[in-house]
Amino acid sequence: ILQMHGATVFNTLLEVTNSVNSRGLTMVTPVLDIILQIFPPTDLALLEGIFFTLLNRLGDESETDEALIHIACILSRLAVTNLAYFLEMLVKYGKERCGNEDVLFDRLIYVWTEKAYASSSSLKRKILCVGLILTLDTKHSSIISRMDCIGDFLLEVANEFKLPNSLDNINVAEEWHEGEDVDGN
């Protein structure tokens, strides 16, 4: 389907991502997460507009904590899928919008470590943790300056994921929205 209708799907997702409010964005990000999981890592440039929109919204102080976590989860998934492309996006967008990537990278580290409380989903905290771990090798100044917060966050998430006796009955779809009011009530 993506080969035949990919351009239409991606343009629609870009329009939706650009136009929805914070609450709507939290409904769109699970679709983006699935696309990142099935999309070939070598073709991620087709989604550049969507990533730029998410990076723009990441820097928007009016976004809700819940929306910021959803954005950070998608960016974490991008780091897991293709770390080099993820870093390229941060540098490219950071230079275009902020003069350099430092402000953007610092904001992402802040959301990863300080806003994770906004998510009651252990799956989201896990992907945030993995994305953060992957970026540690960059030794970016934002990472070095926030190492104490990063360490605390990583330990907190690690304690959450001590393996239970049984991994039966894990439902990823339910965990994505675990604890959230998806009906808007």
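Residues numbered from 1 in each chain as written. Predicted model: local features only at pLDDT ≥ 70, side-chain atom pairs only at ≥ 80, totals over all residues. Heavy atoms only, no water.

Trainee: Account for helix α6 (residues 102–114), with residues named and values stated.
Mentor: With 13 residues, α6 extends 17 Å from end C-alpha to end C-alpha; this agrees with the ideal 18 Å at 1.5 Å per step. Along α6, the residues classified as buried are Leu104, Phe105, Arg107, Leu108, Ile109, Val111, Trp112 and Thr113. (Helix = DSSP H or I, 4+ residues; strand = E, 2+ residues; numbered from the N terminus. Expected span 1.5 Å × (residues − 1). Buried < 20%, exposed > 50% of the residue type's maximum accessible area, 1.4 Å probe, protein only.)

Trainee: Before we move on, could you go through the side chain of Arg125 and cite the residues and values that matter?
Mentor: With respect to the helices and strands, Arg125 occurs in helix α7 (residues 122–135). Arg125 sits in the buried class, given a relative accessible area of 12%. Residue contacts for Arg125: discarding those within four places in its chain leaves Ala116, Ser119, Ser120, Phe153, Val157 and Glu160. (Contact = heavy atoms within 4.5 Å.)

Trainee: Tell me about the pattern of salt bridges, and please be specific about residues and values.
Mentor: In total, this model carries seven salt bridges according to the counting rule given. The salt bridge partner of Arg77 is Asp33, with a shortest N-O separation of 2.7 Å. Taken together, the residues span a long stretch of sequence, with Arg77 in helix α4 (residues 65–81) and Asp33 in helix α2 (residues 22–38) at a distance of 44 residues. Each member of the pair, Arg77 as well as Asp33, is classed as buried. Put simply, Glu61 and Arg107 hold a salt bridge, and the shortest N to O gap is 3.6 Å. One end of the pair, Glu61, is in the loop between α3 (48–58) and α4; the other, Arg107, is in helix α6, with 46 residues separating them in the sequence. Overall, Glu61 belongs to the exposed group, its relative accessible area being 64%. (Salt bridge = Lys/Arg side-chain N within 4 Å of Asp/Glu carboxyl O.)

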